[in-house]
Amino acid sequence: MTDHLIASAREHDRADPLAKFRERFFVPDGVTYLDGNSLGCLPRKTPEAMDRAIRQEWGTGLIGSWNDAGWFEMGTRVGAKIAPLIGAAPDEVLACDSTSVNLFKLIAAALAMRPGRKVVLSEPGNFPTDLYMIEGLERQGLASRRLAARGDLEAALGDDVALLMLTHAHYKTGELFDMERLTRAAHDAGALVLWDLSHSTGALPVDLHRCNADFAVGCGYKYLCGGPGAPAFAYVARRHQAQLRQPLTGWFGHARPFAFSDDYQAAPGIEQLQCGTSPVLGLTALEVGVELIAEIGVERLYEKSRALSEFFLEALRTSGVALELVSPGDSANRGSQLSFRHRDAYAISQALIARKVIGDYREPDILRLGFAPAYLRFIDMAEAARHLCEVVQGEEWRNPEFNRRAAVT
Ligand SMILES: *Cc1c(COP(=O)(O)O)cnc(C)c1O
């Protein structure tokens with residue numbers, strides 16, 4: 001690794017308008033964290049907010065905090081703060097449940113809006129939970145799953161398709177879909193569209209309104225830095241909210257939960273997507289992450305993430321290490337990550353972790369490096385590239401201790 005590269009990284013960091021935001025996060029010393037696409041870093045303000053929610057709101061305020069501390073509206077309040085990050089209106093987004101559960105609710109709701117059609121179309125290799133949730137509805141006799149490769153999706157949009165359901169930025173390769181074009185194609189075929197924004201929200205700009213999307217879901221613990229198992233979010237275009245019928249008819253989605261009626265009546269707005277009592281502590285942490293990401297701004301974050309990944313690739317090229325890139329080579333066509341294929345990707349990821357460069361491994365042969373732009377520096381790119389070169393060129397990954405599998409990769 002040349003001094004020139006280090007000097008260039010330092011120069012980029014000095015000129016980076018987002019550099020000052022790194023100190024708003026807790027990034028452990030000596031760690032190069034390239035897994036913010038799996039679990040985002042802890043914002044410095046989160047422990048304080050959690051402490052207040054626990055000691056004051058819960059400890060002292062007790063049940064009164066549902067009204068006095070705004071607990072009751074938390075799902076809609078946090079949803080409204082996520083909305084501008086994805087090109088939605090504040091009353092179209094709700095923070096609730098997990099991404100998986102939100103997928104279930106919205107797939108079922110979409111199917112109910114297209115009677116006579118049962119097919120949910122997606123791509124093979126989509127994130128597993130997305131495909132499994134369709135399968136669950138298939139077992140109930142409500143859906144029929146159809147998978148078509150990227151290039152064949154439009155041709156697979158027959159008149160039996162109720163819903164096209166895709167992930168905007170692919171979790172493994174980072175490859176992006178053209179949301180506008182595919183949404184239009186689905187609508188032309190009479191189908192609805194559900195976008196999974198788990199790997200987009202907080203890392204790149206998304207404009208649900210411009211592409212006329214019907215539904216979307218996304219994750220709270222990745223680029224939104226909401227913490228492990230943070231609540232996810234769900235979006236329903238306003239034009240669909242009045243006729244929306246989601247299947248998990250819990251009392252928090254009722255028009256008047258505290259009327260304690262025997263019969264369910266759906267709330268008219270996005271609140272209908274709530275099922276049970278809101279996870280207040282999880283939402284407290286998520287709100288801090290969302291506010292911080294919104295303050296930095298997704299346009300600027302995206303610009304930096306592209307610059308970071310380009311810098312990293314250039315550093316690899318300079319070092320002469322040849323790794324097969326499976327992410328699109330043009331940063332305009334990928335999310336905030338780079339993935340490389342190698343037969344021993346698992347052992348390489350473990351050898352990197354031993355050097356405190358934290359990326360991850362995805363079956364069967366992918367080394368995945370995420371570039372969360374809110375807290376990473378160009379010097380991290382230079383360092384990570386250096387370590388990766390040394391691990392690959394020195395065949396350090398052959399060490400047996402790097403070849404033992406852990407439960408979470
Ligand atoms: C991370 C991720 C999820 C996560 O789902 P959970 O229910 O939170 O476990 C779903 N879909 C995609 C595409 C993801 O990347």
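Structure's up top.
Residues numbered from 1 in each chain as written. Predicted model: local features only at pLDDT ≥ 70, side-chain atom pairs only at ≥ 80, totals over all residues. Heavy atoms only, no water.

Asker: I would appreciate a short explanation of a nonpolar patch on the surface in the present structure.
Answerer: Together, I54, W58, L62, I63 and L281 line one region of the surface with nonpolar side chains, adding up to about 500 Å² of accessible area. Mapped onto the secondary structure, I54 falls in helix α2 (residues 46–60). (Patch = residues over 30% accessible without salt bridge, like charges linked within 9 Å, V, L, I, M, F, W, Y side chains within 5 Å. Areas by Shrake-Rupley, 256 points an atom, 1.4 Å probe, with all protein chains shown as cover. Salt bridge = Lys/Arg side-chain N within 4 Å of Asp/Glu carboxyl O. Helix = DSSP H or I, 4+ residues; strand = E, 2+ residues; numbered from the N terminus.)

Asker: Just to check I follow, could you spell out the pattern of salt bridges for this structure?
Answerer: Side chains carrying opposite charge are able to pair once their charged atoms draw close together. Applying the stated criterion across every chain, the model contains 30 salt bridges. Among the ionic pairs, R24 bridges to E295, the shortest N-O distance being 2.7 Å. With R24 in the loop between α1 (3–15) and β1 (25–26) and E295 in helix α9 (residues 280–296), this residue pair connects regions lying 271 residues apart in the sequence. With a shortest N-O distance of 2.9 Å, D380 and R377 are connected by a salt bridge. With a relative accessible area of 3%, D380 lands in the buried category. The partly exposed category is assigned to R377, whose relative accessible area is 32%. Taken together, the shared-partner salt bridges connect R355, E383, R386, E390 and E396 into one network. (Buried < 20%, exposed > 50% of the residue type's maximum accessible area, 1.4 Å probe, protein only.)

Asker: Even after reading the chapter, I still don't get the sheet that holds strand β9 (residues 215–218), so can you show me in this structure?
Answerer: Backbone-to-backbone hydrogen bonds join strands into a sheet, with any given pair of strands oriented parallel or antiparallel. Read across the sheet, seven strands follow the order β4-β10-β9-β8-β7-β5-β6 without closing on themselves; strand pairing throughout is mixed. Taken across any chain shown, the strands that pair with only one partner, and hence form the sheet edges, are β4 (93–96) and β6 (144–147). Across the sheet, the axes of successive neighbouring strands diverge by a mean angle of 20 degrees, strand direction being ignored. Looking at chain direction, strand β5 (residues 119–122) and β6 are connected through four bridges and run parallel. The partner of S122 across the bridge, within β6, is L147. Sitting on the sheet, helix α5 (residues 99–113) is in contact with β4, β5, β7 (161–167), β8 (192–196), β9 and β10 (232–236), with an inclination near 170 degrees to β9. (Pairing = 2+ DSSP bridges. Axes fitted to C-alpha atoms, helices over the stretch in contact; angles between N-to-C directions. Contact = heavy atoms within 4.5 Å.)

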